[in-house]
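# Overview (structure and organization)
Okay, here's what each chain looks like letter by letter:
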Amino acid sequence: MAEIIDGKKIAADIRSSLKQRIEELKKTRGRTPGIVVILVGNDPASQIYVRNKKRACEEVGISSRVHQLPETVTQGALVSIIEGYNNDPEVDGILVQLPLPEQISEEQIQNAIDPRKDVDGFHLLNEGALFSGRSGVLSCTPQGIIELIRSTGTEIEGKHAVVVGRSTIVGKPVAMMLLENNATVTICHSRTPDLADKCADADILVVATGQPELIGADHVKEGAVVIDVGTNRVGDSLVGDVDFEAVSEKAGYITPVPGGVGPMTIAMLLANTVDSYERGH
Ligand code: GUN
């Protein structure tokens, strides 16, 4: 029977150590770390995410400002607002909540943010830094996944890690981070034949496909570390990309949904903000 990786508790521990770190840093810097979250339009899911981010910031002592803009804002106006925050020394982190309305290019907006203040890690320079093994801001969910794997005491070096999913925000960056940690990495996706056989060779299995319960016991090696990034609404309940009941009989460690990867994303966002503050951008 697998041990459950308690993402909620691990994220709470990270927040509490960030809180202490902030208190220490404030004594020498004489200023509070700050993040600006730019929210365009009235998407209800985005409003909830932004509210949760704001609450988490307050809890650790990061001052947060939500800059609300109308759905009709132009690309030029949004870029000017971002540039204002790029030049504001009191702003350590800038996050533009996605998705954005049609008239705006998400890519151009991500790249308008000063890469040092890009606490999402979505700027092309930060993505490029990860892919070329240089230091940059790491994006939050993949970084959270690495922390969850480490929390089990599993050494990543030398292990076979299989990542299912090749998205820009999770699959590809987490594969690169596992490689940086000296795992042997296989990336699988929707066109991969014999998925079960490939997954069943994994010591570490990370699943980020958005397909409810795609991964069953046949896909999992005895004792493997299984990280489920999926959050799929099926009827009234939330399920992962992994069949939790079946796989927990076989895996060594497994993340629950909810309460696994989800809480880590915000914890890493806070960590990226504090890092930017500490570096002085
Ligand atoms: N929308 C959903 N998830 C995210 C995220 O991690 N960052 C941003 N900026 N927008 C999102």
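Right above here is the structure, for reference.
The following refers to the structure shown. (Residues numbered from 1 in each chain as written. Predicted model: local features only at pLDDT ≥ 70, side-chain atom pairs only at ≥ 80, totals over all residues. Heavy atoms only, no water.)

### Digging into helix H1 (residues 7-29)
Quick reminder of the rule: Secondary structure elements are defined from DSSP: runs of H or I of at least 4 residues count as helices, runs of E of at least 2 residues count as strands, and each element is numbered from the N terminus. The span one expects for a helix is its residue count, reduced by one, times 1.5 Å. Only protein chains enter the calculation, and the probe is 1.4 Å; a residue is then buried if its accessible area is under 20% of its type maximum, exposed if over 50%, and partly exposed in between. Contacts are assigned to residue pairs that have any heavy atoms within 4.5 Å of one another.
Taking 1.5 Å per residue, 23 residues should reach 33 Å; H1 reaches 31 Å between its end C-alpha atoms and fits that length. All of the buried residues along H1 are Gly7, Ile10, Ala11, Ile14, Arg15, Leu18, Ile22 and Leu25. Looking at the buried side of H1, the elements it contacts are helix H2 (44-60), helix H6 (140-151) and helix H10 (262-279). Positive backbone phi, at 65 degrees, marks Gly30, one or two positions downstream of H1.

### Side note on the sheet that holds strand S2 (residues 34-40)
Let me state the cut-off plainly: If DSSP finds at least two bridges between two strands, the strands pair. An axis is simply a line fitted to the C-alpha atoms; with a helix, the fit covers only the stretch in contact. Between two such axes, the angle follows the N-to-C directions and lies from 0 to 180 degrees.
Spatial ordering of the open sheet is given by S3-S2-S4, a layout of 3 strands whose pairing is parallel. The sheet is open, and its two borders are formed by strand S3 (63-69) and strand S4 (93-96), each paired with just one other strand. Each strand axis lies, on average, 15 degrees off the axis of its neighbour in the sheet, ignoring direction. Together, S2, S3 and S4 form the strand contacts of helix H3 (residues 75-86), whose direction differs from that of S2 by roughly 175 degrees.

### Structural notes on the packing of aromatic side chains
Aromatic ring pairs are reported here in terms of the distance separating the ring centres and the angle at which the planes meet. As a reminder of what qualifies: Pairing of aromatic side chains here covers Phe, Tyr and the six-membered ring of Trp, requires ring centres within 6.5 Å, and sorts the geometry by plane angle: under 30 degrees stacked, over 60 edge-to-face, intermediate tilted. A ring is scored as having a charge over it whenever the NZ atom of a lysine or the CZ atom of an arginine sits within 6 Å of its centre and within 35 degrees of its normal.
Summed over the entire model, instances satisfying the criterion amount to 0 aromatic pairs. The aromatic ring of Tyr277 is capped on one face by Arg29, whose charged end is 5.8 Å from the ring centroid.

### Focus: the pairing of S3
Which entries qualify depends on this criterion: Here is how to tell: hold the view so the strands point away, follow the path from the first strand over the helix to the second, and if it runs clockwise the crossover is right-handed.
Strand direction decides the pairing type here: S2 and S3, joined by 7 bridges, are parallel. Directly across from Ile38, in S3, lies its bridge partner His67. Between the parallel elements S2 and S3, the chain passes through H2 in a crossover that is right-handed.

### Some details on helix H7 (residues 171-180)
Every buried residue of H7 is accounted for by Gly171, Pro173, Val174, Ala175, Met177 and Leu178. Contact partners of the buried residues in H7: helix H5 (124-131), H6, strand S5 (160-164), strand S6 (184-188) and strand S7 (204-207). In the stretch just after H7, Asn182 is the one whose phi turns positive, near 70 degrees.

### Let's talk about the sheet that holds strand S11 (residues 253-254)
Pairing in this open sheet of 6 strands is parallel, and the strands run S1-S11-S8-S7-S5-S6 from one edge to the other. For this open sheet the edge positions go to strand S1 (3-4) and S6, each flanked by a neighbour on one side alone. As paired strands, S1 and S11 are joined by 2 bridges and run parallel to one another. Within the sheet, the bridge partner assigned to Ile4 lies in S11 and is Ile254.

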